[in-house]
Amino acid sequence: MNNSLATSTLSTGHTSIDSPLIVEMSNLSKVYPNGTVALQNVNLTIQEGEFVCFVGPSGCGKSTIFNLIAGLTQPTQGELKILNMTPKQALKQSDTAFVFQDHTLLPWRTLLDNVALPLEIRGISKKKTHEEAERVLELVGLKDYTKALPRQLSGGMKMRVSIARALAQRPKLLLMDEPFGALDEITRQTLQEELLNIWQKDSKMTVLFITHNVFESVFLSTRVVVMTPRPGKVSSTIALPEPYPRNEAFRSAAQFGEFVREVSHALKH
Ligand SMILES: Nc1ncnc2c1ncn2[C@@H]1O[C@H](COP(=O)(O)OP(=O)(O)OP(=O)(O)O)[C@@H](O)[C@H]1O
């Protein structure tokens, strides 16, 4: 697919042709003050309920796209709408939540208190924040660890807490920047399946996920966005209209291998 088709939307995952647009980027460019052209004329729309992976060489502007969506930096040119609002308005309404590779848990707070923190900051009552924190910790398989401290957990468990903390905000848009990059392969695959289960339970949550791992992008997403080396552009979008739930059987299916080859080929050209 060529760049012009990057603006098209697809009926995969929970989405249908009528699903509202969550992200609209038109001719989006970002030049940093030092002159680095991080993004050039990016056109992309993402519908409610999609799971979109971004792949591309280091420095192609993937994180810059996330920072723009989060309202942490401003575009130099073009337009960006999140849920038909400016990124800052969307962030204010807590419609956007993040998960990073570094779990950023506070070492002195229990898991429950770590997960409750963003809600506490929003002034929600202690009873409600704790109920919500318990709900999401159960969702990520950690209901027996509410009183544990981060140092008592493995890397994979810390990542689960980090995901729970983002989910506690009930985001419409979840941004995940290489969340599983530091995990061993088995833990990574387990968390991929758990993440898909969580996403499937919430038909309206849209997930944008940055990864350097082509296999991961194919396993997870309804659509892979492939970016070019700097200045970052969308070179192609590849639809993955394979049904969910996806599991071990999908990883060994012929179709999986074909999609991996397609994404790898797009990355090299
Ligand atoms: N605040 C900044 N000031 C100047 N240049 C920046 C800034 N942030 C990022 N860049 C540059 O913009 C380009 C895109 O960076 P970005 O972090 O968005 O890429 P990326 O695709 O996420 O990279 P990686 O895969 O290595 O994380 C890079 O050349 C980077 O050095």
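So, here is what we can say about the structure in this document.

Cut-offs used in this document
Sequence positions are assigned chain by chain, starting from 1 and proceeding in written order. Selection of residues for local features in this predicted model requires a pLDDT of at least 70, selection of side-chain atom pairs for listing and counting requires 80 or more, and totals for whole chains, interfaces and linings are taken over all residues. Calculation of side-chain values draws on the structure's entire complement of heavy atoms; hydrogens and water are dropped beforehand. Axis geometry follows a simple rule: fit a line to the C-alpha atoms, using only the stretch in contact for helices, then measure angles between N-to-C directions, giving values from 0 to 180 degrees. Under the DSSP-based scheme used, a helix requires at least four consecutive residues in state H or I and a strand at least two consecutive residues in state E, with every element numbered from the N terminus. For classification, angles of less than 35 degrees are called roughly parallel, those exceeding 145 degrees roughly antiparallel, those between 65 and 115 degrees roughly perpendicular, and all remaining angles oblique. Each helix crossing is assigned a hand: it is left-handed if the near helix lies turned anticlockwise from the far helix by less than a right angle, otherwise right-handed if that turn is clockwise. Note on contacts: a residue pair is in contact if any heavy atoms of the two residues lie within 4.5 Å. In this classification, Asp, Glu, Lys and Arg are treated as charged, Ala, Val, Leu, Ile, Met, Phe, Trp, Tyr, Cys and Pro as nonpolar, and every other residue, Gly included, as polar. One side-chain nitrogen of Lys or Arg within 4 Å of one carboxyl oxygen of Asp or Glu is enough to make a salt bridge. Here's how the labels work: a residue is buried when its accessible area is under 20% of the maximum for its type, exposed when over 50%, partly exposed in between, all with a 1.4 Å probe on protein chains only. Nine residue types can take part in a nonpolar core, namely buried Ala, Val, Leu, Ile, Met, Phe, Trp, Tyr and Cys, and a core is a set of them joined through side-chain atoms within 4.5 Å. What fixes the domain bounds is an automatic or database domain assignment. A pair of strands is treated as paired once DSSP finds two or more bridges between them. What counts as a ring pair is set by centres within 6.5 Å for rings of Phe, Tyr and Trp (its six-membered ring), and what kind of pair is set by the plane angle: stacked under 30 degrees, edge-to-face over 60, tilted for all other angles.

**Remarks on the packing of helix H3 (residues 111-121) against helix H4 (residues 126-139)**
For the pair H3 and H4, interaxial distance at closest approach is 8 Å and the crossing angle is 125°. The angle between H3 and H4 places the two elements in the oblique class. Crossing geometry of H3 relative to H4 is assigned as right-handed. Touching Leu 111, Leu 112, Asp 113, Val 115, Ala 116, Leu 119 and Glu 120 of H3 are Thr 129, His 130, Glu 132, Ala 133, Glu 134, Val 136 and Leu 137, all from H4. Split by residue class, the contact of H3 with H4 holds eight nonpolar, two polar and four charged.

**Remarks on the pattern of salt bridges**
Under the criterion given, the structure shown has 11 salt bridges. Residues Glu 216 and Arg 188 are paired through a salt bridge, measuring 3.0 Å at the closest nitrogen-oxygen approach. Placement of the pair is Glu 216 in helix H7 (residues 214-220) and Arg 188 in helix H6 (residues 185-201), with a sequence separation of 28 residues. Neither residue differs from the other here; Glu 216 and Arg 188 are each classed as buried. Put simply, Glu 132, Arg 135 and Arg 170 are held in one network by salt bridges that share partners.

**Some words on the nonpolar core**
Within the largest apolar cluster, 53 residues are counted, with the highest numbers of intra-cluster contacts made by Phe 51, Leu 174, Phe 209 and Val 218. Top element by residues in this core is helix H5 (residues 155-167). It accounts for seven residues. Looking at which domains feed residues into this core, each of domain 1 (3-95 + 171-268) and domain 2 (107-170) gives three or more. Every residue in contact with Leu 174, bar those within four places of it in the chain, is listed here: Ala 97, Val 99, Ala 166, Leu 167, Met 205, Thr 206, Val 207 and Leu 208. One finds Met 25, Leu 44, Leu 68 and Val 225 within the second-largest nonpolar core, a separate group that totals 27 residues.

**Digging into the sheet that holds strand S1 (residues 21-31)**
If you walk across this open sheet you meet the three strands as S2-S1-S4, and the pairing is antiparallel. Across the chains shown, the open sheet's two edge strands, defined by having one partner strand only, are strand S2 (37-47) and strand S4 (77-82). Strand-to-strand, the axes of this sheet are offset by a mean angle of 15°, without reference to chain direction. Of the pairings in the sheet, the one linking S1 to S2 comprises seven bridges and is antiparallel in character. Within S2, the position partnered with Lys 30 by the bridge is Leu 39. The strands touched by helix H1 (residues 62-69) are S1, S2 and S4; relative to S1, the strand with the most contacts, the crossing angle is about 120°.

**So, the packing of aromatic side chains**
The full count for this structure, using the stated rule, is nine aromatic pairs. For the ring pair Phe 51 and Phe 209, a centre distance of 6.0 Å and an interplane angle of 40° mean the geometry is tilted. One end of the pair, Phe 51, is in strand S3 (residues 51-55); the other, Phe 209, is in strand S7 (residues 206-210), and 158 residues separate them in sequence. We classify Phe 51 as buried; its relative accessible area is 0%.

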